[in-house]
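Observations on chain architecture
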Amino acid sequence: MSVALSSSLLLSQSPSLLSSPVLASHRFAAGPSETPRNRFFIASKPDCSRPFPCTTFPREFPLCFCSSFPTMPQEEASNSASQLQDSLLYSRAFWVSKTIIAWNVDIGDGSCYLYASKSASLSVTEDGIQGHDVKVKLEEGTGKLPIKLTWWLKKFPHIQDYRAFKVPSDLDVKDLLKCQLAIGCFNSDRKCFNATCLQLPGILDELFSYDGPLGAIYTEEAVSLYLWAPTAQAVSACIYKDPLDRNPVEIIQLKEDNGVWSVEGPKSWDGCYYIYELSVYHPSTSQIEKCYANDPYARGLSSDGGKTLIVNLQVDILKPEGWDKLADEKPDLRSFSDISIYELHIRDFSANDHSVNPDFRGGYLAFTLQGLMGSFISSDIKDFSIVSIFWQEVPFECGFSDASVLEKLPPDSAEQQAQISAIQNEDGYNWGYNPVLWGVPKGSYASNANGPCRVIEFRKMVQAINHLGLRVVLDVVYNHLYESGPFNKDSVLDKVVPGYYLRRNADGLVENSTCMNNTASEHYMVERLILDDLIHWAVNYKVDGFRFDLMGHIMKSTMIKANDALHRLTKERDGVDGSSIYIYGEGWDYGEVAKNARGVNASQFNLCGTGIGSFNDRIRDAINGGSPFGHPLEQGFATGLYLQPNDHDQDSEATQQLMLAVAKDHIQVGMAANLRDFVLTSHEGKEVKGSEVLTNDGTPVGYTSSPIETINYVSAHDNETLFDIASMKTPKKISVEERCRINQLATSMIALSQGIPFFHAGDEILRSKSLDRDSYNSGDWFNRLDFSYDSNNWGVGLPPKEKNEKNWALIKPRLADPSFKPQKNHILATLEKFKNVLRIRYSSPLFRLKTANAIQERVHFHNTGLSEVPGIIVMSIEDGYDGVPGLSQLDPIYSYIVVIFNARPSEVSFCSPTLQGRKLELHPVQVTSTDKIVKMSSYEASSGSFKVPPRTTSVFVEPRKI
């Protein structure tokens, strides 16, 4: 779950995985460590542990390329019989428009033919392609694809250099698209020397793009079903009365109209279940297959995800009392700059709380319990505005480890992880990044996964959180699907229109850079499904925002359309104020979409100017040190780089000092909302823009044009928790109190930055996962959140072997050392400091500036250039005065603010002529704090001198005269 600050709360779950009963896997809110992309329900997963070959520091997700078949170089044209026969396993030609097929092959003075077989009987020999019903000669174009196809090339630039082959204009193309299709080349001796099957998204988009009704549509007298399946030869709906029925009560044949299959049924279908039976050619098997699939527009499911529930979301019985008025009761959100986000897993919130009814524990209804939520809000996230929630699907039978047994084991024992790993695919825990369907709340969080129970309980959760002053963000996973092919029960979209919904490479094999079955939002009906799904969640469930998993694998145009469509929603027409819906996501640029190879994608740099947020890994890595994919002991600004080195070899002292200075530049750009045009003085003493500050590989640090386009963070659900990072990277000899202060220093740097701050649930209470770098499937044991504050979950055993064994030698001595474990007083002290820094953020609008110009004019950094004092950042924010030329007045209370972040292990004195003579005093929130150390901070006006205690953030304000 994620939260955003302003006085509202945002919840985020992953609607993208909705129908699988299996457990998924995943790794990270801004990007997982090394696990496949699944969050709450995966049983098996590919090995995704390869290094991340992208620009800047690794973008939260390891690169993983997988294919169904061994690839063969496309330019290899062989006339051997075996290779010709195997050539129809591939789809290397693209039918891009009604009259053009693109293929990267030169036929010279030979000829080329298109073949079709309704029964999928094609085979190839030197004499040609056999078993066809249709054979059509194609005319070779003069060279590359014609200019008139620019519209298609913008979507699919990876084939822009292919040759064009012309299809006769009078050919009945629509019927051919239901067949097995192949194209063959012949030399002047009429011998076949190359052949391949075809990829069809281009022609399908041109001929069958559709904006009419889809899914189950209710009218006064009937329930009608609509399915877009232009390549299907036949479609039937199997109707079931009960979710567990094996035999349908009736099977109804659907009729086709221009690629859309439909049937009108009786009103008595309401509350029944159905699945589609399709007869369709599938490229993965080269056969006409009988496929059974859920409705892509499902709005309800059976508990096992195997059948689609026919449900009318508009009936009053499925609405909590007052549901239709919720839009008027949501907490105010005056500007997206006022957002702060708290990321919370639905299960983590209450799974460990035995005061909660077992039927509600770990589910939706736990958020409706006034005592539980009231305590949580008042103690932990009172000052947030958005909670982002994610979830999972649970199997029927769940295995559990005996916590009383695990608690008796040593803190560095391997036995805990062994017991958890033995049941990890059967227990009730996982994240939910294994998308099957996108439009249904997860049944595993409902008191009854069958029927419409999950609908009303999800709505109750949203309503309850809104009433507590928080908005809700939904974590959505549109970039990939869990399964593909004609037979896997968790494959849906690839059964309905095989080869269309999933992005394929030049050989026609499914792209897997997300680690499984990448979706293709550049295809019209894929994009439409995403947009329709977002509107569905906004209107029917009244969620307040969306976090996009691996957003960089979605096209920029899709994200812009999504943003626009959501913002057009109105209370009067839709029951929702769309102007207050905020979207953000992971803008990592890697895989087949990197550098706009498949069209302009929604990567960090491409989103500049859109108002869509993306996670800022630059500030994360500079504060923490290294990256999630580097050596775990690499230090950063807050964890002791140069100032208190650990045992890891980080080069010479001079190199470490330079690294610290560079990290400081990165952080300062991030604190200025990561604006590409923000001007600051670098460690070299030069005035530079944010885009001119570079990472190690030469990538610009600053990339935004607005403060709402950066999500600043130091930790998320993926990778180690913030406390675990501090415990790993700092020298083993320092005290737990010092690590607690480092934890708070890091969160304060995020909380007091311009832009949108993002916090992982538990950052505020020293949450530990026992140094687990990827807890997507590590069970409740390693993921426990304790809101009683008795424990932070440190030292509950060596983390699971799968992702952590290579670091066990580093982890074991730390877990075994009792001095590393915080006590309740440490947890409570950290919580108070965290709440205080949030109160400071909301004490002045100067911490939440709305425009790039305002940040450039008002935010300044001191202690910069060649004479800077290592390890401290000094930031000032200036306000104007009513009636005085210059800056306008934004803050009625404070006219000037100075924030000093001291990462040094000792007190620091800093003197600035620029800040001399001001009437600065310690912020009243810190004056009344129980933190005795921060109260030692001081300012002397005559000299402009500040004193700040070690590992402390001190905020000085200049009150206006009343």
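Check the entry above for the structure.
Overview of the structure.

Conventions used here
- All residue numbers here refer to positions counted from 1 along the written sequence of the relevant chain.
- Predicted model: local features are reported for residues with pLDDT of at least 70 only, side-chain atom pairs are reported and counted for 80 or more only, and whole-chain, interface and lining totals are derived from all residues.
- The basis for every side-chain value is the complete set of heavy atoms in the structure, and neither hydrogens nor water enter the calculation.
- Working definition: a ring pair exists when centres of Phe, Tyr or Trp rings (six-membered ring for Trp) sit within 6.5 Å. Plane angles under 30 degrees give stacked, over 60 give edge-to-face, the rest tilted.
- Working definition: helices are DSSP H or I runs of at least four residues, strands are E runs of at least two. Numbering for both runs from the N terminus.
- The buried label goes to any residue with under 20% of its type's maximum accessible area, the exposed label to any with over 50%, and the partly exposed label to all in between, with areas taken from a 1.4 Å probe on protein chains only.
- For two strands to pair, DSSP has to find at least two bridges joining them.
- In what follows, a contact means two residues having at least one pair of non-hydrogen atoms within 4.5 Å.
- Orientation is described by axes fitted as lines to C-alpha atoms, over the contacting stretch for helices, and by angles from 0 to 180 degrees between their N-to-C directions.

1. Topic: the packing of aromatic side chains
- With the rule as written, the count across this model stands at 30 aromatic pairs.
- Ring geometry for Phe 458 and Tyr 541: centres 5.1 Å apart, planes at 90 degrees, overall edge-to-face. Taken as a pair, Phe 458 in helix α10 (residues 453-467) and Tyr 541 in the loop between α12 (524-540) and β23 (545-548) lie far apart in primary sequence, 83 residues in all. Per residue, the accessibility class of Phe 458 equals that of Tyr 541, and both read buried.
- Measuring from centroid to centroid gives 5.0 Å for Phe 615 and Phe 758, while their planes differ by 80 degrees, and the two rings are edge-to-face. In this pair, Phe 615 sits in strand β25 (residues 613-616) while Phe 758 sits in strand β29 (residues 756-760), placing the two residues 143 residues apart along the sequence.

2. Quick word on the sheet that holds strand β34 (residues 921-922)
- Ordered by their spatial adjacency, five strands build an open sheet running β30-β31-β32-β37-β34, and the pairing between neighbours is antiparallel. Each having just a single partner strand, β30 (859-862) and β34 make up the two edges of the open sheet.
- Summarising the sheet, β34 and strand β37 (residues 952-959) pair through two bridges and their orientation is antiparallel. Bridge pairing in β37 links Leu 922 to Phe 956.

3. Topic: the environment of Val 136
- For Val 136, the location among the structural elements is in strand β7 (residues 134-144).
- Spatially, the C-alpha atom of Val 136 lies 9.4 Å from that of Ile 183, the residues being 47 residues apart in sequence.
- Once residues lying within four places of it in the same chain are set aside, the contact partners of Val 136 are Cys 112, Tyr 113, Leu 114, Pro 168 and Leu 171.

4. Thoughts on the sheet that holds strand β36 (residues 945-948)
- Across the sheet, three strands lie side by side as β33-β36-β35; this open sheet has antiparallel pairing. With partners counted over all chains shown, the strands left at the sheet margins are β33 (908-911) and β35 (938-940), one partner each. Strand-to-strand twist in this sheet, taken as the mean axis angle between neighbours without regard to direction, amounts to 15 degrees.
- Two elements, β33 and β36, share four bridges in a ladder whose sense is antiparallel. Its bridge partner being in β36, Cys 911 is matched across the sheet by Ser 945.

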